[in-house]
Amino acid sequence: SGRDEKLEEAAETFVKAATKLKLEKQWHKAADALMRAGDCYAMHSEMAYEASDRYAEASKVLRRDDVPGAVAALRRAVQITTEMEETANLQRAARLHRDIAELLEASGDGQGAETEFENAAELFGAEGIFMEAESMNLRVADSLCRRGVYNKARELYEQLASDAIKSEIKTCAGREAGDHMMKAGLCLLAEGDIDGLEDALSRFDVLDMTFDQSWYCTLLLNLRDALQAADIDAFNREVRGCADSVTTDTVMTSVFVRLKEAVKREGNVGESIAAREEAADDEDLL
């Protein structure tokens, strides 16, 4: 129609302007031109997909120094992508949610990133792209763990471990079950929940009969003993041994820092745990 032709011409004009502005390194003006192009395409009866692309392109221009603007542009791209009649592309929407999550995570908004990773996981799952969905769920668990939301992180790690055991390739989100179990156990140690750790180890043994013979299990038990004894030297040996055995990621590092502080601080967690257990034993004798 004549209206669609005018909208397309206007959009193309804005795109050309954006290209010129990018060459001149006028980033915000270039992003604004791309957003206007997207708006024109969004009003076109058959070019909503182009609108989504231009909004995403605007986000790339903005992300270097305007994260809120970049996120807003991607959210608009998600909206357009999911509103397309009959041609809604959930896989593309999932990737856009993932991009939003990574921007928020890099800017320090862990909680916001978790929500977007969850959205991405749901859409990837709906499209049957389960490996990507699992990867997004791992990103959620890792972010929760870094923020100290250990209970929810532990639940996700245990679910990932279960999924890995059920998988033909015995991995989930690119990690073997033992890795997920170890992180679940570390979450419990970070909370000082020794009883919870013992229960979890029993669950892991049922899930994987070889777990109690694994390096992962040995690490958790040795860290538990170091905490209970408030033995900083033993704790440091385990952490050094861990660094020699696996690639220590930011999640494990954040937990190790928390545990080390617990061992070192006055009236530390290790002594309080041992005292509670001794008191419980005395009560059993009475």
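Computed from a predicted structure; not experimentally measured.

Peer 1: Could you give me a rundown of the overall build of the chain, with the residues and numbers involved?
Peer 2: When its secondary structure is counted, the chain shows 14 helices and two strands. For 286 residues, the compact-globule estimate of 2.2 N^0.38 gives 19 Å, and the C-alpha radius of gyration of the chain, at 25 Å, exceeds that figure by more than 25%. C-alpha extents for the chain along the principal axes are approximately 90 × 40 × 35 Å. Across the 286 residues that make up the chain, the buried fraction comes to 43%. Put simply, 57% of the contacts in the chain that link residues at least 6 apart link residues at least 24 apart. Here the chain carries 35 positive and 58 negative side-chain charges, and the mean point of each set is 9 Å from the other.

Peer 1: Kindly report on the nonpolar core, identifying the contributing residues and their values.
Peer 2: Judged by nonpolar contacts, the single largest core of 84 residues is most densely connected at C145, Y157, L186, L189 and F211. If one sorts the elements of this core by residue count, helix α9 (residues 177-190) sits on top with nine residues. For F211, the residues in contact, after removing those within four places along its chain, are G178, M181, L201, F204, D205, Y216, C217 and L220.

Peer 1: Please give an account of the packing of helix α10 (residues 194-207) against helix α11 (residues 215-229) that cites residues and values.
Peer 2: The description of two packed helices rests on the angle between their axes and on the distance between the axes. Two elements in contact, α10 and α11, have axes whose closest approach is 12 Å; the angle formed by their N-to-C orientations is 160°. Classified by the angle their axes make, α10 and α11 are roughly antiparallel. When you trace α10 past α11, the crossing you get is left-handed. Two secondary-structure elements touch here, α10 through I194, L197, E198 and L201 and α11 through C217, L220, L221, R224 and Q228.

Peer 1: A description of the packing of aromatic side chains should follow, citing residues and the corresponding values.
Peer 2: The description of an aromatic ring pair rests on the distance of the ring centres and on the angle between the ring planes. Under the defined criterion, the tally for this structure stands at two aromatic pairs. Ring centres 5.4 Å apart and planes at 80° place the aromatic pair F204 and F211 in the edge-to-face group. For F204, a relative accessible area of 2% gives the class buried. Judged by relative accessible area, which is 2%, F211 ranks as buried. Between W215 and Y216, the ring centres sit 5.4 Å apart and the planes meet at 70°, which makes this aromatic pair edge-to-face. Among the residues examined, Y216 registers a relative accessible area of 12% and is labelled buried. The cationic tip of R64 hangs over the ring face of W27; the distance from NZ or CZ to the ring centre is 4.0 Å.

Peer 1: For the pattern of salt bridges, give the residues involved together with the corresponding values.
Peer 2: This structure, assessed with the given rule, holds 21 salt bridges. A salt bridge links R147 to E114; its shortest N-O distance comes to 2.8 Å. With R147 in the loop between α7 (130-146) and α8 (150-166) and E114 in helix α6 (residues 110-126), this residue pair connects regions lying 33 residues apart in the sequence. In this structure, the salt-bridge partner of K183 is D142, at a minimum N-O distance of 3.6 Å. Here D142 lies in helix α7 and K183 lies in helix α9, a separation of 41 residues in the sequence. According to the relative accessible area criterion, K183 is buried, its value standing at 1%. Take D142: its relative accessible area is 10%, and that puts it in the buried class.

Peer 1: Tell me about the environment of D199, residues and numbers included.
Peer 2: Considering the arrangement of structural elements, one finds D199 in helix α10. Look at D199 and you get partly exposed, because its relative accessible area is 47%.

How each quantity is defined
Residues numbered from 1 in each chain as written. Predicted model: local features only at pLDDT ≥ 70, side-chain atom pairs only at ≥ 80, totals over all residues. Heavy atoms only, no water. Helix = DSSP H or I, 4+ residues; strand = E, 2+ residues; numbered from the N terminus. Rg over C-alpha atoms; globule rule 2.2 N^0.38 Å. Buried < 20%, exposed > 50% of the residue type's maximum accessible area, 1.4 Å probe, protein only. Contact = heavy atoms within 4.5 Å. Lys, Arg positive; Asp, Glu negative; His and termini not counted. Charge placed at Lys NZ, Arg CZ, Asp CG, Glu CD. Core = buried A, V, L, I, M, F, W, Y, C linked by side-chain atoms within 4.5 Å. Axes fitted to C-alpha atoms, helices over the stretch in contact; angles between N-to-C directions. Parallel < 35°, antiparallel > 145°, perpendicular 65-115°, else oblique. Left-handed = near helix turned anticlockwise from the far one by under 90°. Phe/Tyr/Trp six-rings, centres within 6.5 Å; stacked < 30°, edge-to-face > 60°. Lys NZ or Arg CZ within 6 Å of the ring centre and 35° of its normal. Salt bridge = Lys/Arg side-chain N within 4 Å of Asp/Glu carboxyl O.

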